[in-house]
Structures are given as structure tokens and as C-alpha cells.
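# Summary of structural features
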Amino acid sequence: MRHSSDGFVHRSITCNHCNLSPVRGFRFKCVNCVDFDLCETCEAAEVHTKTHVFIKIRIPIPPHANPRSTLIPLFYPGTGFSSDQAPSVDFKELQKNTHFDMVELEGFYEQYKSLATVEHTDTSEGGITREVFEKCLGPLGMEKNLITDRIFAFFDQDQDSLISFKELVCGMSILCKGSLDERITYAFQGYDLDGDGKISREELHRMFKAYFYLSMELVRDFVKTMEEGMMETFDDEASKPVSASFSAPIVGSGIEPIDEEEKEDQSHEDAASILLSNASGAMSNLHHGASAPQASDLALSSVSTNTGLVGNDGQPSSPVVAVSGTGVEDLAFEAGMMDIEEVQWPIIEAMSQDAIEEMVEKTFIAAGAANPKFITLSEFRKAVESDNSYLQWFEALGSVF
């Protein structure tokens, strides 16, 4: 008995592996190649480059309308090692030493091969480079930050500037399924910048400051993303009353015409005031007892709520501040969210120094530090038990892979 999908015939399309022509049923087109197709059987056999992505086509495209070009750039930078190139992996040993089962480990191995660009040799396991790691961070990888440096160092345990498969799996095991004690131990190592087994006041200050700046980058990226999404779907005319179609005031209404330029200037000022107050409010929360991670989260939350970009359900709402043709990105620029060098950093720098110093002092108090100059691992564990936000910088980028 023939399957219903057999009725779909992709005329002029030939499977580039088994040469079946025409392809029937589902057609799989590689979006990274100029012109490469597979039938269902060959696609399931994984005969093509592992780092390439396929789209599944059921209804045939008219033959002359088929694209003859790459549709999207490569998602995965890895070389897609073949079986003879891939290093031997002891999955049973990894299962014993991590929190992952065999199925999860095999899935990680396929992901690793799609990201690793350095092949193994007699002297090196090969792996994922720092450049690829930064690409995985998206916008956050475009600028240097101490937090991203420490996350890479967390994965790269042998400090060879590569993340091997074993290092990837062991790191993800701690971030995704590790116990509190495991996460405390590795987070402590992250704070301990000079590796002397202690966390000094200067190290705490640098990490708090770096995490806050990273969070502000997240806010900036969030605002930009929301602006782009809303501007694509926002119908300015649909939300206006009928009277808005008339540029002149109604005779005898006593209403003076509104200067559109003044209206736009006012909307910029209002939005700028809102967004700037969000940054100030976040630092105020830090100064009055909130941790640096909590203050950063509050900054993001208040930008989302006060600008009307996100509703209570977490979904985009109507752009209440995007009026008179003003985009959210422009408003964010006015508010100092988009121009780091000229507006944002000087404001944050001036506001944050005292607040972060106070947070460092409170951390020493929470840890019950015996020495006023540094915190030990056991003291750090005590501080985390009272406030686990000290781990947030460590866990925030746990989804990098």
C-alpha cells in the first residue's frame, strides 16, 4: 500500500546521493549548498555534511521557481569530523564521571563535532576555539568581558585555549545538573582571578562590575530585538481614531493644532527619562542591599515593564512609547542604552563605584570573613547559602552551548 506522501512528486529534482529522480514524498533541500537535495531515505542515513541544515519540503515547488543559491549562512562553524578523524571517546567513563546518560552524551558529541574546528592530533585532543566560543555567545561575544573570560576558563580546564569534548561535557554537567556544592566550588574558582585559593576585595569588585556591564549589554540587545520585532508588525494607523486622519483641527473645537516636531521631541524626552531612571533604579537597588546580579535583573525587568515593551505575561505588548514615528532603538539611544561610549558608561561608572564597594563589604560580612582582605572557600560557601545570587554570573551563561 502506497503512503499518501508518495502522491507528491518533485519534478526535475534528483537525489544527489542515490540519484532517485524525481524525488517523491518529502524532499530535503540543503540551505547551505547552492543546489543539493536528498530523498527521505538518504536524509535519514546522514550522508551529507553534518554541519549543514536541511529544510523539509512536502508540496512540490514549481520547477522553474526552485532557488539555485545558498539560502542562509552556516549555523555551525565546525568541520563535521568523519568517523576516522574523530577522537576516540570513552562514553562509559564520561557517563560515570558526569550527570549525563548515554543518550545525552551521544547528542553532545554530535553538537561538539558541529562546533569544533581544531582536529585532534597525537599531542592534542583538538576542540572548540575561543573564536567559536565567542560566536556562540552571539552579541555578548562581540566585546571583551571578564565574565565571558571566566566562563571560557571554566570549560578549558587544561588551559590549552581549546574546549575538548571531555571538557565540554564535564562543564555542562556542572552547569546543567551539578549539585550546589559543585557549583559553589567552580564559581569560587571563577571569582579567584589569580588562582591563589582566596577571593580578594579587588577580585570581587571586578567580577561584580563585569557582571553588571554584561547585564546592561543584555538589556541593550533586548531593547534592540524588541524594537525590530515590533516595528515589523506595528500598524500605526490601526490604533488611531478616525479623527487622526484629518490634519487640521475641527472648527469651533477650541483645540489648537499640535506641532508634530514638538510632540516627537516630548516623546523622546519622556522615553529617555523612563529608561534612564531604570538604570538609576537598578543601581539604587544595588546600593541599598540588592546583589549586583539582582540589580541587573531589575534593570532588565523595569525596562521591559515601564516602556510597555513586554506585558505581564512576558509577551510583546503594544509599543506605547513608540509614537510619532519614534523607534524604540532611537528612544534607547536618547536614554543612553545604545551609545555606550558617549552616554551609558559614564553614567553607570559614576553611579556604580560606591554601590559596588558597598556590595563587596556586605559580601565579606555575609561570609563572616576572618581576614578583612580575602574570603576563603568555606566562607564563600556560607555567603552563597544565605544568598545564592553570588552564583548567577556563573550560571547566566550556562546555555552558551
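Residues numbered from 1 in each chain as written. Predicted model: local features only at pLDDT ≥ 70, side-chain atom pairs only at ≥ 80, totals over all residues. Heavy atoms only, no water.

### Some points on the overall build of the protein
Within the protein, the secondary structure is distributed over 14 helices and nine strands. When burial is assessed residue by residue, the protein has 41% of its 401 residues classed as buried. Taking as baseline every contact in the protein between residues at least 6 positions apart, the subset at least 24 positions apart corresponds to 62%. Of the roughly 21,600 Å² of accessible surface on the protein, a fraction of 52% belongs to carbon and sulfur atoms. (Helix = DSSP H or I, 4+ residues; strand = E, 2+ residues; numbered from the N terminus. Buried < 20%, exposed > 50% of the residue type's maximum accessible area, 1.4 Å probe, protein only. Contact = heavy atoms within 4.5 Å. Areas by Shrake-Rupley, 256 points an atom, 1.4 Å probe, with all protein chains shown as cover.)

### Overview of the packing of aromatic side chains
Following the criterion strictly, the structure yields 20 aromatic pairs and no others. Both rings, one in Phe91 and one in Tyr109, keep their centres 5.7 Å apart while their planes meet at 85°; by these two values the pair is edge-to-face. Of this pair, Phe91 sits in helix H2 (residues 91-97) while Tyr109 sits in helix H3 (residues 102-115), placing them 18 residues apart in sequence. With relative accessibility at 9%, the residue Tyr109 sits in the buried group. With a centroid separation of 5.2 Å and 65° between ring planes, the pair formed by Phe133 and Phe152 is classed as edge-to-face. Residue Phe133 is found in helix H4 (residues 130-136), and its partner Phe152 is found in helix H5 (residues 146-155); the two are separated by 19 residues along the sequence. There is no split in this pair, since Phe133 and Phe152 are both buried. One cation-aromatic arrangement involves Arg130 over Phe152; the distance from NZ or CZ to the ring centre is 5.1 Å. One Lys or Arg, Arg201, reaches over the ring of Phe364 and ends 4.1 Å from the middle of that ring. (Phe/Tyr/Trp six-rings, centres within 6.5 Å; stacked < 30°, edge-to-face > 60°. Lys NZ or Arg CZ within 6 Å of the ring centre and 35° of its normal.)

### Quick notes on the environment of Ser179
On the secondary structure map, Ser179 appears in the loop between helix H6 (165-177) and helix H7 (180-191). A C-alpha to C-alpha distance of 9.8 Å links Ser179 and His99, two positions 80 residues apart in sequence.

### So, the side chain of His52
Topologically, His52 is positioned in the loop between helix H1 (40-44) and strand S5 (54-57). Side-chain polar atoms of His52 contact the side chain of His48, separated by 3.3 Å. If near-sequence neighbours (up to four positions away) are discounted, His52 is found in contact with Cys30, Asn32, Cys33 and Leu74. (Polar contact = N/O pair within 3.5 Å; in protein donor to acceptor, adjacent residues only side chain to side chain.)

### A look at the sheet that holds strand S3 (residues 27-30)
Read across the sheet, three strands follow the order S4-S3-S5 without closing on themselves; strand pairing throughout is antiparallel. Both edges of this open sheet fall to strand S4 (37-38) and S5, since each of them pairs with a single strand only. With four bridges joining them, S3 and S5 adopt antiparallel strand pairing. Looking at S5, one finds that Phe28 is bridged to Lys56. (Pairing = 2+ DSSP bridges.)

### Examining the pattern of salt bridges
Evaluated as defined, the whole model comprises 14 salt bridges. The salt bridge partner of Asp35 is Arg68, with a shortest N-O separation of 3.6 Å. On the criterion of sequence distance, the pair formed by Asp35 in the loop between S3 and S4 and Arg68 in the loop between S5 and H2 is long-range, its members being 33 residues apart. A relative accessible area of 46% means that Arg68 is categorised as partly exposed. (Salt bridge = Lys/Arg side-chain N within 4 Å of Asp/Glu carboxyl O.)

### Re the packing of H7 against helix H13 (residues 377-386)
Between H7 and H13, the shortest axis-to-axis distance is 10 Å and the interhelical angle comes to 115°. The crossing of H7 and H13 is right-handed. Contact with H7, carried on its side by Leu180, Asp181, Ile184, Thr185, Ala187, Phe188 and Tyr191, involves Leu377, Phe380, Arg381 and Val384 of H13 and no other residues of that element. Residue composition of the contact of H7 with H13, grouped by class: eight nonpolar, one polar and two charged. (Axes fitted to C-alpha atoms, helices over the stretch in contact; angles between N-to-C directions. Left-handed = near helix turned anticlockwise from the far one by under 90°. Nonpolar A, V, L, I, M, F, W, Y, C, P; charged D, E, K, R; others polar.)

### Things to note about H7
Compared with the 16 Å implied by 1.5 Å per residue over 12 residues, the 16 Å span of H7 between its first and last C-alpha is a close match. Listed in full, the buried residues belonging to H7 are Arg183, Ile184, Ala187, Phe188, Gly190 and Tyr191. Each buried residue of H7 sits inside an arc of 155° when the element is viewed along its axis, so together they form one side. (Expected span 1.5 Å × (residues − 1). Arc of directions from axis to C-beta.)

### Some thoughts on the pairing of S3
Residues Arg27 and Lys29 line one face of S3 and the alternating positions Phe28 and Cys30 line the opposite face, and both faces are buried. Two elements, S3 and S4, share two bridges in a ladder whose sense is antiparallel. Note that in S4 the partner of Lys29 across the bridge is Asp37. The turn linking S3 back onto S4 is made up of six residues.

### Brief notes about the nonpolar core
Ranked by size, the top nonpolar core spans 53 residues in total, and within it Phe155, Tyr191, Phe380 and Phe401 carry the most contacts. Contact partners of Phe401, with chain neighbours within four places excluded, come to Gln111, Leu115, Ile128, Phe133, Cys136, Phe155, Ile163, Leu168 and Met172. In this structure, Phe28, Cys33, Cys42 and Phe54 belong to the second largest nonpolar core, which totals 12 residues. (Core = buried A, V, L, I, M, F, W, Y, C linked by side-chain atoms within 4.5 Å.)

### Looking at H5
Here H5 lies mainly inside the structure; eight of its 10 residues are buried. If you check the start of H5, you find a side-chain oxygen 2.7 Å away from the backbone N of Ile147, and it comes from Asn145.

### Here we look at the environment of Ile147
Structurally, Ile147 is set in helix H5. Relative accessible area serves as the criterion here: at 0%, Ile147 is assigned to the buried category. Ile147 sits 60 residues away from Met207 along the chain, and the two C-alpha atoms are 7.0 Å apart.

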